[in-house]
Amino acid sequence: MGIFAAGGVLLPFPYYYWLWTNPQAWVNLCGKDKDPSKVMAYVSHFLKLLQFISLFSVSTPSWPPPLYFWPLFGFGQFLNFRVYQLLGEAGTYYGVRFGKNIPWVTEFPFGVIRDPQYVGSIMSLFACLVWVPFHYILLWTLGYVFIIHIESKEDPATRAKPIS
């Protein structure tokens, strides 16, 4: 396993862990004039780009993909899109941890699929097995499983207070 590719795949997870467990520090770091969810989104998108570059560095692209690719990738991306559509940026990027009031959502896929954004991401990753060695997909998936576990233990008392 290439150490740089593996490191790139795991890169965002310590960041997500730190944000989840230290939301007040992040809110303070962002300051009064910056939305902590928006800043998190910018950093997350950059880290996601580095993850994709890492995967691409060990992939063997070919076309056309096998038939299993389309339903896995398509439904996985649908779940990601739907979560973002329902929660918005603040709901997707830890707004509740940063002291924002995020309404509870029960529309599909919530209430039907637990952690639908992560499930969608994992489905999309497994669709790419035709191009990317299994151990990198497994490593990324384990990162998601770790974050799902961390996020399942949310204590409202540890949420950040907005800077006034």
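Predicted, not measured: the structure shown is a model, and the values here were computed from it.

### A look at the environment of Ser 121
Step number 1: Relative to the assigned elements, Ser 121 resides in helix H6 (residues 116-127).
Step number 2: Sequence separation between Ser 121 and Leu 79 is 42 residues, and the spatial gap between their C-alpha atoms is 8.2 Å.
Step number 3: Here Ser 121 is in contact with Asn 80 and Tyr 144, once residues within four sequence places are set aside.

### Here we look at the UniProt feature "transmembrane region" (unreviewed entry) in the protein
Step number 1: The feature "transmembrane region" (unreviewed entry), as given by UniProt, occupies residues 39-58 and 122-147 in the numbering adopted here.
Step number 2: In residues 39-58, helix accounts for 95% and strand for 0%; the two terminal C-alpha atoms are 30 Å from one another.

### Concerning a nonpolar patch on the surface
Step number 1: Together, Phe 75, Phe 78, Phe 108 and Val 112 give the surface a local cluster of nonpolar side chains, amounting to about 350 Å² of exposed area.
Step number 2: Among the residues examined, Val 112 registers a relative accessible area of 59% and is labelled exposed.

### Overview of the nonpolar core
Step number 1: In terms of nonpolar packing, the biggest core is built from 35 residues, with Trp 26, Met 40 and Tyr 94 touching the most fellow members.
Step number 2: Among the elements of the structure, helix H1 (3-10), helix H2 (12-21), helix H3 (23-30), helix H4 (36-57), H6 and helix H7 (134-151) are those that each provide at least two residues to this core.
Step number 3: No other element matches H7, which puts seven residues into this core.
Step number 4: Beyond its immediate chain neighbours, meaning those up to four positions away, Trp 26 contacts Tyr 15, Trp 18, Leu 19, Pro 36, Val 39, Met 40, Val 43 and Phe 98.

### Overview of H6
Step number 1: Compared with an ideal rise of 1.5 Å per residue, which puts 12 residues at 16 Å, H6 spans 16 Å between its outermost C-alpha atoms and is within 8% of the ideal.
Step number 2: Judged by how many residues are buried, H6 sits mostly within the fold: nine of 12 residues are covered.
Step number 3: All of the buried residues along H6 are Pro 116, Tyr 118, Gly 120, Ser 121, Ile 122, Met 123, Ser 124, Leu 125 and Ala 127.
Step number 4: Summarising the contacts, the buried residues of H6 are in contact with H4, helix H5 (69-92) and H7.

### Overview of the pattern of salt bridges
Step number 1: Under the definition given, this model contains six salt bridges.
Step number 2: Across the salt bridge formed by Asp 35 and Lys 100, the nearest N and O atoms sit 2.5 Å from each other. In this pair, Asp 35 is assigned in the loop between H3 and H4 and Lys 100 in the loop between H5 and H6, connecting sequence segments 65 residues apart.
Step number 3: Judged by relative accessible area, which is 25%, Lys 100 ranks as partly exposed.
Step number 4: A salt bridge links Glu 107 to Arg 82; its shortest N-O distance comes to 3.2 Å. Taken together, the residues span a long stretch of sequence, with Glu 107 in the loop between H5 and H6 and Arg 82 in helix H5 at a distance of 25 residues.
Step number 5: For Arg 82, a relative accessible area of 18% puts it in the buried group.
Step number 6: Linked through salt bridges whose partners overlap, the residues forming this network are Arg 97, Glu 154 and Arg 159.

### Re the packing of aromatic side chains
Step number 1: Tallied over the entire structure, the rule returns 19 aromatic pairs.
Step number 2: Centre to centre, the rings of Phe 69 and Trp 131 are 5.1 Å apart; their planes meet at 70 degrees, and the pair counts as edge-to-face. In this pair, Phe 69 is assigned in helix H5 and Trp 131 in the loop between H6 and H7, connecting sequence segments 62 residues apart. Note on accessibility: Phe 69 and Trp 131 belong to one class, buried.
Step number 3: Centroid distance Phe 78 to Phe 108: 6.3 Å. Interplanar angle 25 degrees. Geometry classified as stacked. Here Phe 108 lies in the loop between H5 and H6 and Phe 78 lies in helix H5, a separation of 30 residues in the sequence.
Step number 4: Classification of Phe 108 as partly exposed rests on a relative accessible area of 35%.
Step number 5: Members of the aromatic cluster, each reached through a chain of ring pairs, are Phe 13, Tyr 15, Tyr 16, Trp 18, Trp 26, Phe 52, Tyr 118, Trp 140 and Tyr 144.

The rules behind these values
Residues numbered from 1 in each chain as written. Predicted model: local features only at pLDDT ≥ 70, side-chain atom pairs only at ≥ 80, totals over all residues. Heavy atoms only, no water. Helix = DSSP H or I, 4+ residues; strand = E, 2+ residues; numbered from the N terminus. Contact = heavy atoms within 4.5 Å. UniProt positions renumbered as here; feature names shortened; annotations may be inferred. Patch = residues over 30% accessible without salt bridge, like charges linked within 9 Å, V, L, I, M, F, W, Y side chains within 5 Å. Areas by Shrake-Rupley, 256 points an atom, 1.4 Å probe, with all protein chains shown as cover. Salt bridge = Lys/Arg side-chain N within 4 Å of Asp/Glu carboxyl O. Buried < 20%, exposed > 50% of the residue type's maximum accessible area, 1.4 Å probe, protein only. Core = buried A, V, L, I, M, F, W, Y, C linked by side-chain atoms within 4.5 Å. Expected span 1.5 Å × (residues − 1). Phe/Tyr/Trp six-rings, centres within 6.5 Å; stacked < 30°, edge-to-face > 60°.

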